[in-house]
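Topology and contacts: notes
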Amino acid sequence: MLTALVSMWLGGSLMAAAQPAAAEEPLQAVATIGMIGQVADQLGGECVDVTTLMGPGVDPHLYRASARDVTTFQKGDVILYAGYSLEGQLGDVLKHLSATRPTVAVSEDGIEKERLIHVDGGTYSIDPHLWMDVGLWSQTVPVIASTLSEARPDCADGIANNADVYLEQMTALDEWIRGSIATIPESQRILVTAHDAFNYYGRAYGIEVAGIQGVSTETETGVADIRAMTDVVVERGVPAIFIESTINPRTVQAVIDAAERRGQAVSIGGQLYSDAMGEDGTVDGTYLGMLYSNTRHIVEALDGELLPLPEVLNDWVVRWQIDG
Ligand code: ZN
């Protein structure tokens, strides 16, 4: 399938570069995942139309390009993707796009190498779930801002202003998450999820993390994985574990059932957003809302207490009618 798509590009008129947008027309930006599309949207304002390839509930580890995606990419004046093999199945497609338009790996280009988490084996050598640490993800803002500004120099001032505002909001949310997680009783400060998407979250915000499945979702979860996680849950007396919006909750339920057979009651602490944001038009469908919602579920299920949201986020709180 992929080979066929690539040869479509190579063979046909699709190889032609996208025409630069006229000054009055919004720049067309195509982002692979919502967490990137959201930053581009916040920065670009009226100057940029953002299309996101993978919507709510879509698992980027398993995502394969469809014929429709060819058309979507084709519309893009600039392409923004994460890199570090997150969009592993799109590698060839992205490589070919890069010949005809700015195609930028925002995680690879923006984020400090010293702060990457290295993992062993499988598809990944770098854990790609960088958006889980708001402070780290904010390092993609300058690279996205400069990509958009280079394509639309007339919008550069507005993009710079929007970047300042968004960075301030991200910093405030980052501090709020850290403070809220710290209210969870220390023995319960452990986050058990379906797959290993929360290493950066755990490191940034001071909570131990354990995924039933590894960093990628490509391999099957085995009996041994379920048993190992049940041991942790029972030994630590973990009160709640979490399902993820992009992953079948079957393995989480298997751990809960196994723990129950060993006399440990465990509840589902809610659904976390790991690799995709929530529905468009809801607060969970924003990047800040994704992290807010996750933190809220984690803190409430593990007997912590949410701090009041910082004033810098007031506009966002009003916009989404958040009652926290
Ligand atoms: Zn993942």
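Residues numbered from 1 in each chain as written. Predicted model: local features only at pLDDT ≥ 70, side-chain atom pairs only at ≥ 80, totals over all residues. Heavy atoms only, no water.

Attention now goes to helix α3 (residues 67-75). Along an α-helix, a turn takes 3.6 residues, which lines up residues three or four apart on a common side. The complete set of buried residues in α3 reads Asp-69, Val-70, Thr-72 and Phe-73. For α3, the angular spread of the buried residues around the axis is 165 degrees, confining them to a single face. Summarising the geometry of α3, the exposed residues directed more than 90 degrees from the buried face are Arg-68 and Thr-71. (Buried < 20%, exposed > 50% of the residue type's maximum accessible area, 1.4 Å probe, protein only. Helix = DSSP H or I, 4+ residues; strand = E, 2+ residues; numbered from the N terminus. Arc of directions from axis to C-beta.)

Overall, the predicted model of the chain reaches an average pLDDT of 90, with 92% of residues at or above 70. Low pLDDT, under 50, characterises residues 1-17; the stretch is placed with 31 contacts to residues that sit more than four places away or in other chains. (pLDDT = per-residue confidence, 0-100. Contact = heavy atoms within 4.5 Å.)

This next bit is on the nonpolar core. Ranked by size, the top nonpolar core spans 85 residues in total, and within it Trp-137, Tyr-201 and Tyr-287 carry the most contacts. Sort the elements by how many residues they give to this core and helix α8 (residues 156-181) lands first, with nine residues. Inspection of this core shows a minimum of three residues originating in each of domain 1 (2-175) and domain 2 (184-320). Each residue touching Trp-137, except ones within four places of it in the same chain, is listed here: Met-35, Ile-36, Val-39, Val-106, Ser-107, Ile-111, Leu-130, Trp-131, Met-170 and Tyr-287. In terms of nonpolar packing, the next biggest core, distinct from the first, is built from 17 residues, Ala-194, Ala-210, Ile-226 and Val-252 among them. (Core = buried A, V, L, I, M, F, W, Y, C linked by side-chain atoms within 4.5 Å. Domains from an automatic or database assignment.)

In this section: the environment of Thr-171. Mapping Thr-171 onto the fold places it in helix α8. Since its relative accessible area comes to 43%, Thr-171 is described here as partly exposed. Separated by 59 residues in the primary sequence, Thr-171 and Glu-112 have C-alpha atoms spaced 17 Å apart. At 2.8 Å, the side chain of Thr-171 forms a polar contact with the backbone oxygen of Leu-167. (Polar contact = N/O pair within 3.5 Å; in protein donor to acceptor, adjacent residues only side chain to side chain.)

Most of helix α2 (residues 34-44) sits out of view: nine of its 11 residues are buried. Within α2, the full set of buried residues consists of Gly-34, Met-35, Ile-36, Gly-37, Gln-38, Val-39, Ala-40, Leu-43 and Gly-44. Positive phi appears at Gly-45, one or two residues downstream of α2, with a value of about 55 degrees.

Moving on to the domain arrangement of the chain. Domain boundaries assigned for the chain yield domain 1 (2-175) and domain 2 (184-320). A separation of 26 Å is found between the C-alpha centroids of domain 1 and domain 2. Residue-level contacts link 37 residues of domain 1 with 36 residues of domain 2. Linking domain 1 with domain 2 are zero salt bridges. (Salt bridge = Lys/Arg side-chain N within 4 Å of Asp/Glu carboxyl O.)

Moving on: the pairing of strand β3 (residues 78-81). Residues Val-78 and Leu-80 point to one face of β3 and Ile-79 and Tyr-81 to the other, with burial holding for every one of them. Here strand β1 (residues 27-33) pairs with β3 via three bridges, running parallel. When the sheet's bridge partners are listed, Val-30 is paired in β3 with Ile-79. Here β3 pairs with strand β4 (residues 103-105) via three bridges, running parallel. By the bridge assignment, Ile-79 is partnered in β4 with Thr-103. Between the parallel pair β3 and β4, the chain is carried across by helix α4 (residues 91-97), and the sense of this crossover is right-handed. (Pairing = 2+ DSSP bridges. Right-handed = clockwise from strand over helix to strand, strands pointing away.)

Viewed as axis vectors pointing N to C, helix α7 (residues 140-151) and α8 meet at an angle of 165 degrees, and their least axial separation amounts to 10 Å. Between α7 and α8, the crossing angle belongs to the class labelled roughly antiparallel. As for the relative orientation of α7 and α8, their crossing is right-handed in sense. Facing α7, whose interface residues are Val-141, Ala-145, Leu-148 and Ser-149, α8 presents Ala-156, Ile-159, Ala-163, Tyr-166, Leu-167 and Met-170. Each residue belonging to the contact of α7 with α8 can be placed in one class, and the counts come to nine nonpolar, one polar and no charged. (Axes fitted to C-alpha atoms, helices over the stretch in contact; angles between N-to-C directions. Parallel < 35°, antiparallel > 145°, perpendicular 65-115°, else oblique. Left-handed = near helix turned anticlockwise from the far one by under 90°. Nonpolar A, V, L, I, M, F, W, Y, C, P; charged D, E, K, R; others polar.)

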